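Fold and geometry: a report
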Amino acid sequence: AQSVTQPDIHITVSEGASLELRCNYSYGATPYLFWYVQSPGQGLQLLLKYFSGDTLVQGIKGFEAEFKRSQSSFNLRKPSVHWSDAAEYFCAVGAGSGYSTLTFGKGTMLLVSP
Amino acid sequence: DAMVIQNPRYQVTQFGKPVTLSCSQTLNHNVMYWYQQKSSQAPKLLFHYYDKDFNNEADTPDNFQSRRPNTSFCFLDIRSPGLGDAAMYLCATSTGNGGYTFGSGTRLTVV
């Protein structure tokens, strides 16, 4: 069965500082990997996704993520955090082919300090 | 431009009173999903449809049912809501090639 681990429940970053959110996955074949962001009371917005090819993926809002098969990781990064980035971030994994269901991690709440 | 629309955004229902949440899509995607997200938790898959083929997760309570009368619409029925069913309910669609689109969710309150 597929699973996702986000080891950090909360992270606080100063505005302007760099950010890295960790995600480790478990899946027996080639995974589809996703990062979503959720503001309070809102739905999920896709930041970026990895299906195949270049292991460094660029997303919206200046985010990027790197797929490392050897470490089963898909960490999200941003070089300079803005106060508007404060939200909850979910990593998710799906099957690498055909239709499939997404399995989400428990999320990391990002707090941005002035 | 709205592609996956959930109505209503907020729903208040009484304990034990049946409630229906709706989801519609303009994308013509063949797969539709319902997720339940409780406060400060990850979204949890309840069930999904591949066209008319219904797939129920093993741990989805019998209290939850779903209908998909056509490609565009999908409904979540909660037959007897309990306090523990208060959550955000998220609808999503997929083309089957790994692209998912989520609606804005319906926040259900049970009083």
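Residues numbered from 1 in each chain as written. Chains lettered and ligands numbered in written order. Predicted model: local features only at pLDDT ≥ 70, side-chain atom pairs only at ≥ 80, totals over all residues. Heavy atoms only, no water.

1. Focus on the nonpolar core
Residues and elements named next belong to chain A. Our working definition: Put simply, a nonpolar core is a bunch of buried Ala, Val, Leu, Ile, Met, Phe, Trp, Tyr and Cys residues held in one set by side-chain atoms that sit within 4.5 Å of each other. Note on exposure labels: buried denotes an accessible area under 20% of the residue type's maximum, exposed denotes more than 50%, and partly exposed covers the range between, all computed with a 1.4 Å probe on protein chains only. The secondary structure listing takes helices from DSSP runs of H or I that are at least 4 residues long and strands from runs of E that are at least 2 residues long, numbered from the N terminus. We call two residues in contact whenever any of their non-hydrogen atoms come within 4.5 Å of each other.
With 26 residues, the main nonpolar core has Leu19, Trp35, Leu47, Leu48, Phe74, Leu76 and Tyr89 as its most contacted residues. Counting residues per element, the ones that place at least two in this core are strand 2 (10-14), strand 3 (19-21), strand 5 (32-38), strand 6 (45-50), strand 8 (64-68), strand 9 (73-78), strand 10 (87-94) and strand 12 (108-113). Broken down by element, the residue count for this core peaks at four residues, all from strand 10. With sequence-adjacent residues up to four places away left out, leucine 48 is seen in contact with Leu33, Phe34, Trp35, Val57, Gln58, Gly59, Phe63, Glu64, Ala65, Phe74 and Leu76.

2. Things to note about the interface of chain A and chain B
To be explicit about the condition: Summed over both partners, the accessible area lost on bringing two parts together, with a 1.4 Å probe, is the buried area. In what follows, salt bridge is the name for a side-chain nitrogen of Lys or Arg lying within 4 Å of a carboxyl oxygen of Asp or Glu. Distance and chemistry together define a polar contact, namely a pair of N or O atoms within 3.5 Å, with one atom able to donate a hydrogen and the other to accept it when in protein, and with adjacent residues in sequence counting only for side-chain atoms on both sides. Only Asp, Glu, Lys and Arg are considered charged, only Ala, Val, Leu, Ile, Met, Phe, Trp, Tyr, Cys and Pro nonpolar, and every remaining residue, Gly among them, polar.
Between chain A and chain B, the residue contacts involve 19 residues of the former and 23 residues of the latter. For the pair chain A and chain B, the summed buried area comes to about 1,700 Å², and 56% of that belongs to carbon and sulfur atoms. Across the contact surface, chain A and chain B share zero salt bridges. Put simply, chain A and chain B have three residue pairs in polar contact (both at pLDDT 80 or more) between them. Broken down by element, the side of chain A that touches chain B gets its largest block of residues, four residues, from strand 5 of chain A. Among the residues making up the side of chain A that touches chain B, the classes are represented as nine nonpolar, eight polar and two charged.

3. Some points on the pattern of salt bridges
Evaluation of the coordinates by the stated rule reveals six salt bridges over all chains. For A:Arg77, the salt bridge is made with A:Glu64, and the minimal N-O distance between the two is 3.2 Å. Of the two residues, A:Arg77 is situated in strand 9 and A:Glu64 in strand 8; the sequence distance between them amounts to 13 residues. Residue classification places A:Arg77 among the partly exposed positions, given a relative accessible area of 23%. Across the pair B:Asp77 and B:Arg67 runs a salt bridge, and its minimum N-O distance is 2.7 Å.

4. Some points on the pairing of strand 2 of chain A
Residue and element names in this part refer to chain A. To keep it simple, the criterion reads: Each pair of strands is called paired provided DSSP finds at least two bridges between the two strands.
Burial along strand 2 is one-sided: Ile11 and Val13 are buried, while His10, Thr12 and Ser14, pointing the other way, are not. Note: strand 2 against strand 12, five bridges, orientation parallel. Within the sheet, the bridge partner assigned to valine 13 lies in strand 12 and is valine 112.

5. Section: the state of the cysteines
Convention followed: A pair of sulfur atoms, both from cysteines and within 2.5 Å, is called a disulfide here.
Scanning the entire structure with this criterion turns up two disulfides over all chains. Bridging A:Cys23 to A:Cys91, the disulfide has an S-S length of 2.0 Å. Across the S-S bond of A:Cys23 and A:Cys91 the torsion is about -65°, and the bridge reads as left-handed. Here A:Cys23 is found in the loop between strand 3 and strand 4 (24-26), whereas its partner A:Cys91 is found in strand 10, with 68 residues between them in sequence. Among the residues examined, A:Cys23 registers a relative accessible area of 0% and is labelled buried. Here A:Cys91 falls in the buried class, since its relative accessible area comes to 0%. One disulfide in the model links B:Cys23 with B:Cys91; its S-S distance is 2.0 Å. Because the sign of the S-S torsion sets the handedness, a value of about -75° for the bond joining B:Cys23 and B:Cys91 places this disulfide among the left-handed ones.

6. Here we look at the packing of aromatic side chains
Test applied: Here a pair means two rings of Phe, Tyr or Trp (six-membered ring of Trp) with centres within 6.5 Å. Their orientation is stacked below 30 degrees between planes, edge-to-face above 60, and tilted elsewhere.
For the structure on display, the rule yields 20 aromatic pairs over all chains. Judged by centre distance (5.4 Å) and plane angle (80°), the ring pair of A:Phe34 and B:Tyr100 falls under edge-to-face. Pair noted here: A:Phe34 is in strand 5 and B:Tyr100 is in strand 10 (residues 100-102), and the two residues belong to different chains. Residue classification places A:Phe34 among the buried residues on the basis of a relative accessible area of 1%. Relative accessible area serves as the criterion here: at 8%, B:Tyr100 is assigned to the buried category. By the ring-pair criterion, three or more aromatic residues cluster together here, those being A:Tyr32, A:Phe34, A:Tyr36, A:Phe51, A:Phe90, A:Phe104, B:Tyr33, B:Tyr35, B:Tyr100 and B:Phe102.

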